[in-house]
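Each chain is listed here by its residues.
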Amino acid sequence: MQTDITGRLLISCPDRPGIVAGVSQFLYACGANILDASQHSTDPKEGLFFMRMSFQLDNPSFTKGQLEKDFQEKVAAPRQMEWRIDYPDRRKQMVIMVSRYDHCLMELLWRWRSGELPVDIPLVISNHLELKQFVEDFGVPFHYLPVDAGNKRLQEQEAIKLIRRANADFIVLARYMQILSPEFVSVFPGRIINIHHSFLPAFAGANPYRNAYNRGVKLIGATAHYVTDDLDEGPIIDQDVARVSHKHEVTDLILLGRDIERQVLTRAVIAHIDDRVIIHGNKTIVF
């Protein structure tokens, strides 16, 4: 019998009085200790309510299944809640997809090996071979799935098989330079994180930093977001910018931009791992 349960409860529902009290009283009645609580309302009168609450339960009368069943019946159903409980005692499985650029991949693998990312990385998928040895040096299986116009659908199906076989919780596109099909995205809704430079769409194309330099930009940045069918327009998790001036060359913009991409992607991944993100339409609530 499991007697020590640590959980992270995420809730979204129509806002009305008594939600926090109802959840808190339920956990109190179960014998749980609330470790952290955050909430947000879009409109106290007619809007939506979002909450993240972490708790610890040491009660031999409860299993995770019983806790969730009772919460659904006594709290969630009467209040029309969409909710989930994640348990940090089970490490999430994170699959990485990458092409040739290595800076985001290196950051994730280094932080994973140092213990800063409390996940397992069962595999890395790439459409190029350049990073194979680097990934395998970290002890992570590398799968090469080259993509062209004639085999894209088949290779996506193979990638889906690999990801499902690994029981992956989410996927990180660490500068994976292929557009995922709606069919692929539909298999993992709200579970694919992408990073791109914030020049899009104004500076799209193969040489965004050169185009930005030619326009004399004064800010560069990066955006991490969940992938949807609308290219680079999914719910944003994290962003950052840095000021630049006429003194910066194209190479300066590239180096600075890559540094920002590494930081923004890492923060987004950590927020997802820590269950601090609730997706609402095309926006996110990040606690």
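Residues numbered from 1 in each chain as written. Predicted model: local features only at pLDDT ≥ 70, side-chain atom pairs only at ≥ 80, totals over all residues. Heavy atoms only, no water.

Enquirer: Mind showing me how you'd approach the pattern of salt bridges here?
Expert: Note that side chains of opposite charge can pair when their charged atoms are close. A complete count under the given rule lists 19 salt bridges for this structure. With a closest N to O distance of 3.0 Å, aspartate 120 and arginine 91 form a salt bridge. On the criterion of sequence distance, the pair formed by aspartate 120 in strand S6 (residues 119-120) and arginine 91 in the loop between strand S4 (82-86) and strand S5 (92-98) is long-range, its members being 29 residues apart. You can call arginine 91 partly exposed: its relative accessible area is 37%. (Salt bridge = Lys/Arg side-chain N within 4 Å of Asp/Glu carboxyl O. Helix = DSSP H or I, 4+ residues; strand = E, 2+ residues; numbered from the N terminus. Buried < 20%, exposed > 50% of the residue type's maximum accessible area, 1.4 Å probe, protein only.)

Enquirer: What should I look at first to understand the sheet that holds strand S3 (residues 48-58) in this one?
Expert: Hydrogen bonds between backbone atoms are what pair the strands of a sheet, whose relative direction is either parallel or antiparallel. In space, the 4 strands of this open sheet follow the order S2-S3-S1-S4, with antiparallel pairing throughout. Each edge of the sheet is formed by a strand with only one pairing partner; in this case those strands are strand S2 (32-41) and S4. With strand direction ignored, the average angle separating the axes of adjacent strands in the sheet is 15 degrees. Packing of helix H1 (residues 19-30) onto the sheet brings it into contact with strand S1 (4-14), S2 and S3, and relative to S3 it is tilted by some 10 degrees. (Pairing = 2+ DSSP bridges. Axes fitted to C-alpha atoms, helices over the stretch in contact; angles between N-to-C directions. Contact = heavy atoms within 4.5 Å.)

Enquirer: Which parts of the structure should I look at to understand the layout of surface pockets?
Expert: Empty space among the atoms becomes apparent when a probe as large as a water molecule is rolled across them. One number sums up the size of the second largest pocket: a volume of about 450 Å³. Leu10, Arg84, Val277, Ile278 and Ile279 are, among the 23 residues lining the second largest pocket, the residues nearest its centre. Elements with a contribution of two residues or more to the lining of the second largest pocket: S1, S3, S4 and strand S13 (277-280). The element contributing the most residues to the lining of the second largest pocket is S1, with 5 residues. Classifying every residue of the lining of the second largest pocket by side-chain character gives 11 nonpolar, 5 polar and 7 charged. (1 Å grid on protein atoms, 1.4 Å probe; cavity = no way out; pocket = protein on both sides within 12 Å on 5 of 7 lines; lining within 4 Å. Points joined across faces, edges and corners; volume = space filled by probe spheres on them. Nonpolar A, V, L, I, M, F, W, Y, C, P; charged D, E, K, R; others polar.)

Enquirer: What am I meant to see in a negative patch on the surface here?
Expert: A cluster of acidic residues, Glu183, Asp229, Asp230 and Glu233, forms a negative patch at the surface. Tracing the backbone through its elements, the reader meets glutamate 233 in the loop between strand S11 (219-226) and strand S12 (236-243). (Patch = residues over 30% accessible without salt bridge, like charges linked within 9 Å, V, L, I, M, F, W, Y side chains within 5 Å. Areas by Shrake-Rupley, 256 points an atom, 1.4 Å probe, with all protein chains shown as cover. Lys, Arg positive; Asp, Glu negative; His and termini not counted. Charge placed at Lys NZ, Arg CZ, Asp CG, Glu CD.)

Enquirer: How do you make sense of the UniProt feature "active site" (unreviewed entry) in the protein when you look at a structure like this?
Expert: Those places that UniProt annotates as "active site" (unreviewed entry) correspond, in this numbering, to Asp232. With respect to the helices, strands and loops of the structure, aspartate 232 is situated in the loop between S11 and S12. Overall, the relative accessible area of 27% leaves aspartate 232 in the partly exposed class. Within the structure, aspartate 232 has its side chain in polar contact with the side chain of asparagine 194 (distance 3.4 Å). (UniProt positions renumbered as here; feature names shortened; annotations may be inferred. Polar contact = N/O pair within 3.5 Å; in protein donor to acceptor, adjacent residues only side chain to side chain.)

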